[in-house]
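In case you want the letters, here they are:
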Amino acid sequence: MEIRRMIAGDAPMVAELEREVFSDPWCEKDIFFYICMNGGMCYSAVSEGRLIAYIIGRVIPPEGEIYRIATAPGYRRRGIAYRLLDYAAKTERGRGLESLFLEVRSRNVPARNLYHAYGFREIGLRKNYYSDPTDDAVVMLRAHSADMV
């Protein structure tokens, strides 16, 4: 498996995976926007020529926000999302990243466990933030620490 910065050609594969795993998938145009934007934090995990996971976010130093992170169903529970998250955070440190924020569905226990394992802590709750199905958003933060370097 290789983890690398996303390229424009990844957008169709990311959009396909979005449709597979999210009830509110982003379109290829929106994904392409973040890949190309100044401050975009976009990384892909690729195995045997197939995009198997990705992370999309934005860094405005000293803060970053993760908007999307997904792993293809057949590749879950192998530590890929953790490694992708770690790679992105450590790489973006060079651009001044000191803390990361994200929102996650309150009922998404596997994702919340991943974020807790990576050192995120829950700092807030947005009631009924998500639809299809309706769910609360848990706001999480991972502040700079020695292991993020």
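Structure: see above.
Residues numbered from 1 in each chain as written. Predicted model: local features only at pLDDT ≥ 70, side-chain atom pairs only at ≥ 80, totals over all residues. Heavy atoms only, no water.

Caption draft 1: Main features of the overall build of the chain. Helix and strand counts for the chain stand at 4 helices and 7 strands. The order of α-helices and β-strands along the chain, N terminus first, is β-α-α-β-β-β-α-β-α-β-β. A compact globule built from 149 residues would reach a C-alpha radius of gyration of about 15 Å, and the chain, at 14 Å, matches this within 12%. On the principal axes, the C-alpha backbone points of the chain span a range of 35 × 35 × 30 Å. (Helix = DSSP H or I, 4+ residues; strand = E, 2+ residues; numbered from the N terminus. Rg over C-alpha atoms; globule rule 2.2 N^0.38 Å.)

Caption draft 2: Local environment of the side chain of R105. With respect to the secondary-structure elements, R105 resides in strand β5 (residues 99-105). One buried charged residue, R105, forms no salt bridge at all, with the nearest opposite charge on D135 at 4.3 Å. Those residues in contact with R105 that sit more than four places away from it in its chain are S23, R112, Y130, S131, D132, P133, D135 and D136. (Buried < 20%, exposed > 50% of the residue type's maximum accessible area, 1.4 Å probe, protein only. Lys, Arg positive; Asp, Glu negative; His and termini not counted. Salt bridge = Lys/Arg side-chain N within 4 Å of Asp/Glu carboxyl O. Contact = heavy atoms within 4.5 Å.)

Caption draft 3: Quick look at the nonpolar core. Judged by nonpolar contacts, the single largest core of 44 residues is most densely connected at I56, I66, Y115 and F120. Considering every element that reaches this core, the biggest residue donor is strand β3 (residues 50-60), with 7 residues. Residues within four places of I66 in sequence aside, it is in contact with M41, I55, I56, G57, L85, L100, F101, L102 and F120. (Core = buried A, V, L, I, M, F, W, Y, C linked by side-chain atoms within 4.5 Å.)

Caption draft 4: Local environment of unusual backbone geometry. Following P61, the chain continues into P62 via a peptide bond in cis, with omega recorded as 10°. One can find P62 in the loop between β3 and β4 (63-71). In the Ramachandran plot, E48 falls in the positive-phi region, its phi being about 50° despite a non-glycine side chain. Tracing the sequence through the fold places E48 in the loop between β2 (40-47) and β3.

Caption draft 5: Looking closely at the sheet that holds β2. Overall, mixed pairing links the 7 strands, which are arranged β1-β2-β3-β4-β5-β7-β6 in an open sheet. Two strands close off the open sheet at either side, each with one partner strand: β1 (2-5) and β6 (121-130). On average, each strand axis in the sheet is tilted by 25° relative to the strand beside it, whichever way the strands run. Its contacts with the sheet place helix α4 (residues 109-117) against β4, β5, β6 and β7 (135-143), and it is angled at close to 160° to β5. (Pairing = 2+ DSSP bridges. Axes fitted to C-alpha atoms, helices over the stretch in contact; angles between N-to-C directions.)

Caption draft 6: Quick peek at the packing of aromatic side chains. Enumeration according to the criterion identifies 9 aromatic pairs in this entry. Centre to centre, the rings of F33 and Y34 are 5.2 Å apart; their planes meet at 85°, and the pair counts as edge-to-face. On the accessibility criterion, F33 (48% relative accessible area) is partly exposed. Judged by relative accessible area, which is 17%, Y34 ranks as buried. Ring geometry for Y115 against F120: centres 5.7 Å apart, planes inclined by 65°, an arrangement best described as edge-to-face. Linked through ring pairs, W26, F33, Y34 and Y67 together constitute an aromatic cluster. (Phe/Tyr/Trp six-rings, centres within 6.5 Å; stacked < 30°, edge-to-face > 60°.)

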